[in-house]
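Working through the structure, step by step
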Amino acid sequence: MQGIWRRFRYYLIGFLIGTVFVSILFKDRGCSWTPTNRVKNSIQDKIIVFPENQLKKLEQLGINKSNIYKFLVHGDVDFSNSLKDRFPKVYIIEENDSINKKLQFSLYEDSFISIVHVLDQEESPQRYEQLEGFGVMARLPKDSALVFIDKSNYTQCKARGLASSEQGDIITAMKETGKVDFSNSNLMLTKATQRIQFLQNDTLTVNAETIWLESRITFKDFYWDYELDCE
């Protein structure tokens, strides 16, 4: 019996050492089995959006399109003060380097965006069920099949106004000039609707109604300054 107990203790000690080693080795590398990285992956799997009224505050913290991913990787999730019980779920992520940074990320049910707000150090998170104005698309997930134009006759007809309907061209335009029109979006629907805007060929403004369907941003309608024969 003593031999069995001794072997069990050795096994337990080895298991604990291995767990600590793996945790250190893979810290912040996207391992989805840790609560912290599950939250971070949920954010990174969506389009990260900076509301235009937050851009100045983000700039003061040195946060922009090019380094928001780095902030997510190195930041710490404050689970105790996050709002997790219902949608929109709000997660606080903090990074303390030369400047203390505290951001909240809002995640909506069946939506493809995560909205960023700056928090003061003592400020509590807030749920935003409806926002006004526009938000800038700061980071898109790395997925070459991220977008899809609905195959219905109506949507295909409305898509004729696009300068290009190629997936790659639309994704590139969204990365470079994409915005979310909060005023004309409804993020609290079970199937959230997002009105997005981007430029094609530097001159054509595209306004589109989109939803998240089968892991893709699905275009359901386009709004042009002129009428097509399908309208």
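Residues numbered from 1 in each chain as written. Predicted model: local features only at pLDDT ≥ 70, side-chain atom pairs only at ≥ 80, totals over all residues. Heavy atoms only, no water.

Taken as a whole and assessed by the stated rule, the structure comprises six aromatic pairs. Arranged with centres 6.3 Å apart and planes meeting at 50°, the rings of Phe112 and Trp212 form a pair that is tilted. Pair noted here: Phe112 is in the loop between β4 (100-107) and β5 (113-118) and Trp212 is in strand β10 (residues 204-213), with a separation of 100 residues, a long-range link. Aromatic pair Phe198 and Phe219: ring centres 6.4 Å apart, planes at 90°, arrangement edge-to-face. Of the two residues, Phe198 sits in strand β9 (residues 193-200) while Phe219 sits in strand β11 (residues 216-223), which places them 21 residues apart along the sequence. Overall, the relative accessible area of 1% leaves Phe198 in the buried class. (Phe/Tyr/Trp six-rings, centres within 6.5 Å; stacked < 30°, edge-to-face > 60°. Helix = DSSP H or I, 4+ residues; strand = E, 2+ residues; numbered from the N terminus. Buried < 20%, exposed > 50% of the residue type's maximum accessible area, 1.4 Å probe, protein only.)

Turning to the environment of Phe105, a few remarks are in order. Along the chain, Phe105 falls in strand β4. It is 9.9 Å that separates the C-alpha atoms of Phe105 and Arg127, two residues lying 22 residues apart in sequence. The contact partners of Phe105, leaving out residues within four places of it in the chain, are Ile43, Ile48, Ile68, Phe71, Leu72, Lys89, Val90, Tyr91, Ile93, Ser114, Ile115 and Val116. (Contact = heavy atoms within 4.5 Å.)

Before going further, it helps to examine unusual backbone geometry. Cis geometry is found at the peptide bond from Phe87 to Pro88, where omega equals -10°. With respect to the helices and strands, the residue Pro88 is situated in the loop between β2 (76-83) and β3 (89-96). Phi is positive for Asp202, close to 65°, though the residue is something other than glycine. Unusually for a residue other than glycine, Ser215 sits at a positive phi of about 65°. Checked against the element boundaries, Ser215 lands in the loop between β10 and β11.

Residues Ile47, Ile113, Met174, Ile196, Ile217, Phe219 and Phe222 are the most contacted members of the largest nonpolar core, which totals 32 residues. Of all the secondary-structure elements, those providing two or more residues to this core are β1 (47-51), β5, β7 (147-149), α6 (167-177), β8 (179-186), β9, β10 and β11. Take this core: its biggest share by element is four residues, from α6. Sequence-distant contacts of Ile47, that is, excluding residues within four places in its chain, are made with Phe112, Ile113, Ser114, Met137, Arg139, Leu140, Pro141, Met174 and Ile217. Core analysis: the next-biggest nonpolar cluster, separate from the first, contains 19 residues, Phe50, Leu61, Phe105 and Val118 among them. (Core = buried A, V, L, I, M, F, W, Y, C linked by side-chain atoms within 4.5 Å.)

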